[in-house]
Amino acid sequence: MTRTKLEILPAIDVRGGRAVRLVQGELAKESNYGLPIEVARDFVAEGAEWIHLVDLDAAFGIGSNFELIREVISSVDIKVELSGGIRDDESLERALATGCKRVNLGTIAIENPEWTAKAISKFADRIAVGLDVRGHTLATRGWTEEGGDLFEMLTKLDKAGASRYIVTDVTKDGTLTGPNLDLLREVCAATNAPVVASGGISVLKDLVLLRELTPIGVEGAIIGKAIYSGAFTVAQALEVASK
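Every residue gets a number counted from 1 within its own chain, in the order that chain's sequence is written. Predicted model: local features are reported for residues with pLDDT of at least 70 only, side-chain atom pairs are reported and counted for 80 or more only, and whole-chain, interface and lining totals are derived from all residues. Side-chain measures here rest on the full set of heavy atoms in the structure, leaving out hydrogens and waters.

Looking at the Sequence similarities (unreviewed entry) heading of the UniProt record, one finds this comment for the chain: "Belongs to the HisA/HisF family." Listed under Subcellular location (unreviewed entry) in UniProt, the entry text for the chain is "Cytoplasm". UniProt positions are given in the numbering used here, feature names are shortened, and annotations may be inferred rather than shown by experiment.

What follows is the structure, given as structure tokens:
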């Protein structure tokens, strides 16, 4: 299927009840941007159709913002992709019950592909799989551990029926140095499932370049730091992505 429009997913990362941004996943490099529910409403007001919502405390295994996450999702009438701390049947079903459109499985998908296959079989396209990589090596556990070869894992997950991948170059995340287009091309060549790009988007031109990859399988782009730093607005991103 040929795609032309690039979906835009502005990100809200929640830590300690606040909307924050990290650089390369490091908690020590944190910037605070206020209340997540207010950020979410601002995104909606600008025309966002999606929000990529992450519970960082749950992702790092140091706490949970679940009640707040649920409140954010119920406060907006748009699609939400939820990520962070989903590691078993209970946490998966609890996450899906928030009303989010889909969840993003990270560490668990890499460490337990068999369980992930069962989850995909049960919930189909409500499951996305996050592939966080350095080079071609997967990064897990809040990007603190290595999780094997990217393409070997892609083969396993494709066999399990994964419907979508969220691909993050962790060396780019929060750095405003541009997306890793070569990595995205390689992943799209290795799977027929759509790919959502994450990490490094810094200027509107980056979205133009990502939109040019929609025919090969890039479906969307998660944007965080560029929006929070004022490089461009959600409305501007949506305009460029739909051209």
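## Comments concerning the side chain of Ser-83
The helix and strand labels rest on DSSP assignments: H or I over at least four residues marks a helix, E over at least two residues marks a strand, and numbering proceeds from the N terminus. Tracing the backbone shows Ser-83 in strand E5 (residues 79-83). In this structure, Ser-83 is in contact with His-52, Leu-53, Val-54, Asp-55 and Asn-104, ignoring residues within four places of it in sequence. Any pair of residues with heavy atoms lying within 4.5 Å of one another is described as a contacting pair.

## Topic: the pattern of salt bridges
In the sections that follow, a salt bridge refers to a side-chain nitrogen of Lys or Arg positioned within 4 Å of a carboxyl oxygen of Asp or Glu. Across all of its chains, the model carries 8 salt bridges by this definition. Among the salt bridges present, the one from Asp-57 reaches Arg-15, with a minimum N-O distance of 3.8 Å. A residue pair is termed long-range when its members are at least 10 positions apart, and Asp-57 in helix H2 (residues 56-60) and Arg-15 in strand E1 (residues 7-15) qualify at 42 residues. We note a salt bridge from Arg-185 to Asp-182, for which the minimum N-O separation is 3.0 Å. You can see Arg-185 and its partner Asp-182 sitting in helix H8 (residues 181-190), 3 residues apart, about one turn around the helix. Partly exposed residues are those whose accessible area sits between 20% and 50% of the maximum for their type, while under 20% is buried and over 50% is exposed, using a 1.4 Å probe and protein chains only. On the basis of relative accessible area, Arg-185 is assigned to the partly exposed category, the value being 39%. Residue classification places Asp-182 among the exposed residues on the basis of a relative accessible area of 53%.

## Quick word on helix H3 (residues 66-75)
Within H3 the residues assigned to the buried category are Phe-66, Ile-69, Val-72 and Ile-73. All buried residues of H3 lie within an arc of 120° about the axis, which places them on one face of the element. Those residues of H3 that are exposed and angled more than 90 degrees off the buried face are Glu-67 and Ser-74. Residues of H3 that are buried make contact with E1, helix H1 (36-45), strand E4 (50-55), E5 and helix H4 (89-96). Within this analysis, the arc is defined by the directions that extend from the helix axis to the C-beta atoms.

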